[in-house]
Amino acid sequence: MPPLHRPRAALALSREAAEAVLEPPALAALAEVCDLAPLPVLDDLTTDRAREVLTGTELLVTGWGCPPLTAEVLDGAPKLRAVVHTAGSVRAHVTDACWDRGIEVSSAAAANALPVAEYTVAMILLTGKRVLESARDYRAARARGDFLRTPRDTGNYRRTVGILSASLIGRRVVELLRPYDFRVLLHDPYVSEEEAAALGVEPVSLPDLFAHSDVVSVHTPLLPATQGLVSRALIAAMRPGAVLLNTARGAVVDQDALTDAATEGRIRAVLDVTDPEVLPPDHPLWDCDNVLITPHLAGSQGNEWRRLAELAVDEVRRWAAGDGFAHPVRHERLAFLA
């Protein structure tokens, strides 16, 4: 059996991201399969040290805060053949010059999809039971309510969940919803009826998704074609008391329309993202009792960063062994990815 190729590798990301994601065990695991350039990480690719390191680098392990890999940077990295990203989207640093030169790219988006999907399912269940409202009322009254008088629209039995986009995260949400008594609708123009059947969802039009769902969960990436996709008309069509759940990007939703509907009490919302992010201190959504805003925490946090690092290490190991990436990013798919 031929010896494992040990590529010369370097870390290119912010120092804060490196400290968070690449703990000593992850660095040790990387060092087992590649010749890793010594720390500190490369957070500026224009310095003399960066240029020296990049001259012989075959593989870059990147993360949040990685500078763009421009044509000029790549001119100084003639041996670079692959990029392994320890986070999700590669749009901020993988440029057209990378694709033009045939550089292979991998991303930990699959690992980051799981906590977002878990957050989504948790919020679907909590909003169905109206847990946040009940806890607020309980705290205010300091007395237990009469559970036998619970409104009939409270609960999760045969509730209808609408999934906007069968993205990596959207598909993971569908998978996690299977054990529950939900009817799951999907709108995604790129998913055939056969594929929808295999996923166990009902394909519907965009207006029907909003009109017939008790909760609409947004998982579409922010692209020119999806900016403002969740329009005033769609929000107006939602059932009274329905929930708009957004863990994608704030600009996918017409936030003025959402604000009007929420402050008027017509719908509820769970927003892990807003537009802008963070909302101005005086924005009316902050004080809206039927809106929960969280600080973009659905994605990997704390110990979940280890999952990103482990996936990246596995990808480096596969690539060094000549087996190719398990989670490649394809240039032709960029138009559909976050």
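Just so it is clear, the model here is predicted, and its values are computed rather than measured.

What counts and how
Residues numbered from 1 in each chain as written. Predicted model: local features only at pLDDT ≥ 70, side-chain atom pairs only at ≥ 80, totals over all residues. Heavy atoms only, no water. Patch = residues over 30% accessible without salt bridge, like charges linked within 9 Å, V, L, I, M, F, W, Y side chains within 5 Å. Areas by Shrake-Rupley, 256 points an atom, 1.4 Å probe, with all protein chains shown as cover. Salt bridge = Lys/Arg side-chain N within 4 Å of Asp/Glu carboxyl O. Helix = DSSP H or I, 4+ residues; strand = E, 2+ residues; numbered from the N terminus. Phe/Tyr/Trp six-rings, centres within 6.5 Å; stacked < 30°, edge-to-face > 60°. Buried < 20%, exposed > 50% of the residue type's maximum accessible area, 1.4 Å probe, protein only. Pairing = 2+ DSSP bridges. UniProt positions renumbered as here; feature names shortened; annotations may be inferred. Polar contact = N/O pair within 3.5 Å; in protein donor to acceptor, adjacent residues only side chain to side chain. Contact = heavy atoms within 4.5 Å. Expected span 1.5 Å × (residues − 1). Axes fitted to C-alpha atoms, helices over the stretch in contact; angles between N-to-C directions. Parallel < 35°, antiparallel > 145°, perpendicular 65-115°, else oblique. Nonpolar A, V, L, I, M, F, W, Y, C, P; charged D, E, K, R; others polar.

Asks: What's the story with a nonpolar patch on the surface in this structure? I'm lost.
Replies: Where nonpolar side chains cluster on the molecular surface, the patch consists of Leu126, Val131 and Leu132 and spans about 210 Å² of accessible area. You can see leucine 132 is positioned in helix H7 (residues 131-141).

Asks: How should I be thinking about the packing of aromatic side chains in this particular structure?
Replies: Geometry of an aromatic ring pair is reported as the spacing of the ring centres plus the angle between the planes. A full pass over the atoms with the stated rule returns 1 aromatic pair. Measuring from centroid to centroid gives 5.9 Å for tyrosine 180 and phenylalanine 182, while their planes differ by 50 degrees, and the two rings are tilted. Residue class for tyrosine 180 comes out partly exposed when judged on its relative accessible area of 36%. A relative accessible area of 13% places phenylalanine 182 in the buried class.

Asks: Looking at this structure, how should I read the sheet that holds strand S2 (residues 35-36)?
Replies: Two orientations exist for strands paired in a sheet by backbone hydrogen bonds: parallel and antiparallel. Taken in spatial order, the 5 strands of this open sheet run S2-S1-S3-S4-S5, and their pairing is parallel. Bordering the open sheet on either side are S2 and strand S5 (104-107), each of which pairs with just one other strand. Of the strand pairs in this sheet, strand S3 (residues 59-62) and strand S4 (residues 82-85) are connected by 4 bridges, and their pairing is parallel. Residue threonine 62 lies in a different strand from S4, and its bridge partner there is histidine 85.

Asks: What is the right way to read the UniProt feature "domain: D-isomer specific 2-hydroxyacid dehydrogenase catalytic" (unreviewed entry) in the protein chain from this model?
Replies: Mapped onto the present numbering, the UniProt feature "domain: D-isomer specific 2-hydroxyacid dehydrogenase catalytic" (unreviewed entry) falls on residues 39-329. Taken end to end, residues 39-329 is 35% helix and 14% strand, and its first and last C-alpha atoms sit 27 Å apart.

Asks: How should I be thinking about the side chain of serine 213 in this particular structure?
Replies: Its place among the elements puts serine 213 in the loop between helix H10 (206-212) and strand S9 (215-218). By relative accessible area, serine 213 is classed as buried at 0%. Of the polar contacts made by the side chain of serine 213, one reaches the backbone nitrogen of glycine 162; its length is 3.4 Å. In this structure serine 213 touches Thr160, Val161, Gly162, Leu185, Arg239 and Ala242, once residues within four positions along its chain are discounted.

Asks: So what exactly am I meant to see when it comes to unusual backbone geometry here?
Replies: Excluding glycine, most residues fall at negative phi; most peptide bonds, likewise, are trans. Here the bond from leucine 39 into proline 40 is cis, since omega is 10 degrees, no more than 30 degrees from zero. For the bond from aspartate 275 to proline 276, the omega torsion is 5 degrees, close enough to zero to count as cis. Within the fold, proline 276 resides in the loop between strand S11 (268-271) and strand S12 (291-293). Phi is positive for arginine 130, close to 50 degrees, though the residue is something other than glycine. When you line up the elements, arginine 130 lands in the loop between helix H6 (109-128) and H7. A relative accessible area of 21% places arginine 130 in the partly exposed class. Positioned with a positive phi, serine 165 is a non-glycine residue whose angle comes to about 95 degrees.

Asks: Any chance you could explain helix H13 (residues 305-320) here in plain terms?
Replies: In an α-helix there are 3.6 residues to a turn, and that puts residues three or four apart on one side. Spanning 16 residues, H13 covers 23 Å between terminal C-alpha atoms, matching the ideal 22 Å at 1.5 Å per step. Within the span of H13, buried status applies to Leu308, Ala309, Leu311, Ala312, Val313, Glu315, Val316, Trp319 and Ala320. For H13, the secondary structure elements touched by its buried residues are helix H1 (15-21), helix H2 (24-33), S3, S4, S5 and H6. Of the residues one or two after H13, glycine 322 is the one with positive phi, at around 85 degrees.

Asks: Got a minute to help me understand the sheet that holds S12 in this structure?
Replies: Strands sit in the order S8-S7-S6-S9-S10-S11-S12 across an open sheet of 7 strands; the sheet is parallel. Whereas interior strands pair on both sides, the edge strands pair on one side only; in this sheet they are strand S8 (202-203) and S12. Relative to S12, S11 is paired through 3 bridges, and the arrangement is parallel. For alanine 269, the partnering residue across the bridge sits in S12 and is valine 291. In the packing of helix H8 (residues 168-177) onto the sheet, contacts are made with strand S6 (159-164) and strand S7 (182-187), and the angle to S6 comes to roughly 160 degrees.

Asks: It is not clear to me how the UniProt feature "domain: D-isomer specific 2-hydroxyacid dehydrogenase NAD-binding" (unreviewed entry) in the protein chain should be interpreted in this structure. Could you clarify?
Replies: The UniProt feature table records "domain: D-isomer specific 2-hydroxyacid dehydrogenase NAD-binding" (unreviewed entry) at residues 122-298. Strand forms 16% of residues 122-298 and helix 32%; the C-alpha atoms that close the span are 10 Å apart.

Asks: I keep staring at the packing of H2 against H13 and nothing clicks. Help me out?
Replies: Packed helices, taken two at a time, are described by their axes: the angle between them and the distance between them. Look at H2 against H13: their axes get within 9 Å of each other, and the N-to-C directions meet at 5 degrees. With respect to H13, the element H2 is oriented roughly parallel. Where H2 abuts H13, its residues Ala26, Ala29, Leu30 and Val33 lie against Ala309, Val313, Val316, Arg317 and Ala320. Here the residues of the contact of H2 with H13 are counted per class, giving 8 nonpolar, no polar and 1 charged.

Asks: Help me understand the pattern of salt bridges in this model?
Replies: One side chain can pair with another of opposite charge once the charged atoms of both are near each other. Going through the model one piece at a time under the given rule, you end up with 18 salt bridges. Note that glutamate 23 is salt-bridged to arginine 306, the shortest N-O span being 3.2 Å. On the criterion of sequence distance, the pair formed by glutamate 23 in the loop between H1 and H2 and arginine 306 in helix H13 is long-range, its members being 283 residues apart. On the accessibility criterion, glutamate 23 (29% relative accessible area) is partly exposed. Under the relative-accessibility criterion, arginine 306 is labelled partly exposed at 45%. Taking the shortest distance from any N to any O, the salt bridge between aspartate 153 and arginine 130 comes out at 3.8 Å. With aspartate 153 in the loop between H7 and S6 and arginine 130 in the loop between H6 and H7, this pair connects stretches of sequence that are 23 residues apart. Members of the salt-bridge network, linked through shared partners, are Arg130, Glu133, Asp153 and Arg268.

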